[in-house]
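# A structural walkthrough
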Protein chains: 2
Amino acid sequence: MGKINQERREEILSAALRIAENGGLAAMSMRAIGAEVGLTPMALYGYFASKDELLDWLVGRVLQEVPPPDPRAHWPERLLACARGARAAAHRYPRTFSVLLNRPVVLPEAIRAVDPLYGALMDAGIPHERVAGWERMFSTFVLGFAVSEVSGRFGEGNLGTRERRECLDPGELPAHHRLGEVLDLPVDWDAEFEEGLARLVAMIEEEGAGTA
Amino acid sequence: MGKINQERREEILSAALRIAENGGLAAMSMRAIGAEVGLTPMALYGYFASKDELLDWLVGRVLQEVPPPDPRAHWPERLLACARGARAAAHRYPRTFSVLLNRPVVLPEAIRAVDPLYGALMDAGIPHERVAGWERMFSTFVLGFAVSEVSGRFGEGNLGTRERRECLDPGELPAHHRLGEVLDLPVDWDAEFEEGLARLVAMIEEEGAGTA
DNA sequence: ACCTGAACACCGTTCAAGT
DNA sequence: ACCTGAACACCGTTCAAGT
């Protein structure tokens, strides 16, 4: 077991990432990945037991691109750095990033990515038994926002919203009708992300201060 | 165009949902769906232009199972009802629910599901131009939490966490090491969801009161 | 330790044809 | 309007074989 060429494995994962970003996750077949690195598809099974396992490793590959925060910075800056780094990775790999939310991650890379968050929350004064819960809140917001953004769930720059709204019975959509054109205003996604983040940090500070 | 048997369409979507829940999303092939409703796979293309479009409709099918809140209830209760209804749907369809976060939803059902949230936020006193942003925060939390729960991202009841932690260099995971056994405590997911929800509602109330 | 070729049981989708 | 059968170009994966 185990004595397999690690560099080659990284090379394969990078190829998979490249293919997914160029043609979408559906284009990322074992055959396509193999061709990209100059191998038969069957050769990949020497590095990954199945395509499913390859996808697990791909989660780790994406997580590696979220740089760990500077440990000398104050805890709010460390939280912000993790959050912004994760969102930046989502923008860099918009077609692949959603795997982070879809797969039950049990990789070393996942634990390694969480550790700085635990550290920052403890430094904020959060009681130990509540650190994991706050980390879940924080990462759920960050990943949920980032995935919604790149998957288009938030609407693609609100194009076409108006038309779609109007082809529905207005009596069925009273709130949309009351809001009207306000819904077509452009959105500053950076600002919205930062505002949510700031609120979370403020809540963490408050809970931390209460027990300091 | 358009004059197609709607009941049959619903029947097909229910069959698709059934198959995905029994065997996972990967088992939901056009062939399997066809067989489940007693049709050739090709017959499905009379109802959906492609499997991708069928998946879009499936999002609507799942959203239909989130009951609209009682419009006579106070706005916080309406928000809570929507959130709990969505999470309940996630628990009912754990293997299918993640499609809600992965697909750019442009269906009437999606707009219909959002309308009660817009209404509640306006009744809370949120300025009109900030209603959509608050709705995104709220639904991101609800969907993100629910998807993380059913996809296993939060850890499967924390089983095996300890072992996984220990096979990593403890010097690389200082925060995990400091927290130690606290990380193995059981989690009350209902309570954690409700706590996050309560915080959101409190924040909404605060912003609404500031401009009332 | 690493890779290949042929083969198996599947996919989504098109197209011509049937009622 | 609705459905079928045959066919095309793909899948992931196994297995025996090669170096």
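The structure reproduced in this document is the subject of the present report. As the structure is a prediction and not an experimental result, all values here were calculated from the model.

### So, the overall build of chain A
Looking only at helices and strands, chain A has 10 helices and 0 strands in total. Walking chain A from its N terminus toward its C terminus, one meets helices and strands in the order α-α-α-α-α-α-α-α-α-α. Projected onto its principal axes, the C-alpha coordinates of chain A cover approximately 60 × 55 × 25 Å. Going through the 212 residues of chain A one by one, you find that 50% of them count as buried. Intrachain contacts of chain A at a sequence separation of at least 6 include 71% that bridge at least 24 residues. Here chain A has roughly 10,200 Å² of accessible surface; of this, 55% comes from carbon and sulfur atoms. For chain A, the separation between the mean place of its 23 positive charges and that of its 32 negative charges on side chains is 5 Å.

### Examining the packing of helix α7 (residues 128–151) of chain A against helix α10 (residues 189–210) of chain B
As a packed pair, α7 of chain A and α10 of chain B sit with axes 11 Å apart at the nearest point and diverge in direction by 60°. What the angle tells us is that α7 of chain A and α10 of chain B run oblique. Between α7 of chain A and α10 of chain B the crossing geometry is right-handed. Each of R130, G133, W134, R136 and M137 of chain A in α7 of chain A lies in contact with α10 of chain B, whose residues at this interface are W189, E192, E195, G196 and R199 of chain B. Across the contact of α7 of chain A with α10 of chain B, the residue classes break down as 3 nonpolar, 2 polar and 5 charged.

### Focus on the protein's contact with DNA strand D
Looking at DNA strand D, there are 17 residues lining it, with R31 and Y45 of chain A together with T40, M42 and Y47 of chain B nearest. In the environment of DNA strand D, a phosphate oxygen lies 3.0 Å from a nitrogen or oxygen atom belonging to the backbone of M30 of chain A. Residue R8 of chain B places a side-chain N or O atom 2.9 Å away from a phosphate oxygen belonging to DNA strand D. Partitioned by chemical class, the residues of the surface near DNA strand D number 8 nonpolar, 4 polar and 5 charged.

### Here we look at the pattern of salt bridges
Within this structure, the stated rule accounts for 36 salt bridges over all chains. Across the pair E207 of chain A and R199 of chain B runs a salt bridge, and its minimum N-O distance is 3.5 Å. You can see E207 of chain A sitting in helix α10 (residues 189–209) and its partner R199 of chain B sitting in helix α10, one on each of two chains. For E207 of chain A, a relative accessible area of 16% gives the class buried. For the salt bridge of E149 of chain B with R87 of chain B, the shortest nitrogen-to-oxygen distance reads 2.9 Å. Of this pair, E149 of chain B sits in helix α7 (residues 128–151) while R87 of chain B sits in helix α4 (residues 75–92), and the two are 62 residues apart along the sequence. Taken individually, E149 of chain B and R87 of chain B each receive the classification buried, so the pair is uniform in this respect. A single salt-bridge network, built from bridges that share partners, covers R130 and E207 of chain A together with E195 and R199 of chain B.

### Let's talk about α10 of chain A
Taking 1.5 Å per residue as the helical rise, α10 of chain A with its 21 residues ought to reach 30 Å, and the 30 Å between its terminal C-alpha atoms agrees with that figure. Regarding α10 of chain A, the residues found buried are W189, E192, F193, G196, L197, L200, V201, M203, I204, E207 and G208 of chain A. On its buried face, α10 of chain A is in contact with α4 (75–92), α6 (108–123) and α7 of chain A together with α7 and α10 of chain B. Its side-chain oxygen 3.2 Å from the backbone nitrogen of D190 of chain A, D188 of chain A forms the N-cap of α10 of chain A.

Cut-offs applied
- Residues numbered from 1 in each chain as written.
- Chains lettered and ligands numbered in written order.
- Predicted model: local features only at pLDDT ≥ 70, side-chain atom pairs only at ≥ 80, totals over all residues.
- Heavy atoms only, no water.
- Helix = DSSP H or I, 4+ residues; strand = E, 2+ residues; numbered from the N terminus.
- Buried < 20%, exposed > 50% of the residue type's maximum accessible area, 1.4 Å probe, protein only.
- Contact = heavy atoms within 4.5 Å.
- Areas by Shrake-Rupley, 256 points an atom, 1.4 Å probe, with all protein chains shown as cover.
- Lys, Arg positive; Asp, Glu negative; His and termini not counted.
- Charge placed at Lys NZ, Arg CZ, Asp CG, Glu CD.
- Axes fitted to C-alpha atoms, helices over the stretch in contact; angles between N-to-C directions.
- Parallel < 35°, antiparallel > 145°, perpendicular 65-115°, else oblique.
- Left-handed = near helix turned anticlockwise from the far one by under 90°.
- Nonpolar A, V, L, I, M, F, W, Y, C, P; charged D, E, K, R; others polar.
- Near = heavy atom within 4 Å.
- Polar contact = N/O pair within 3.5 Å; in protein donor to acceptor, adjacent residues only side chain to side chain.
- Salt bridge = Lys/Arg side-chain N within 4 Å of Asp/Glu carboxyl O.
- Expected span 1.5 Å × (residues − 1).

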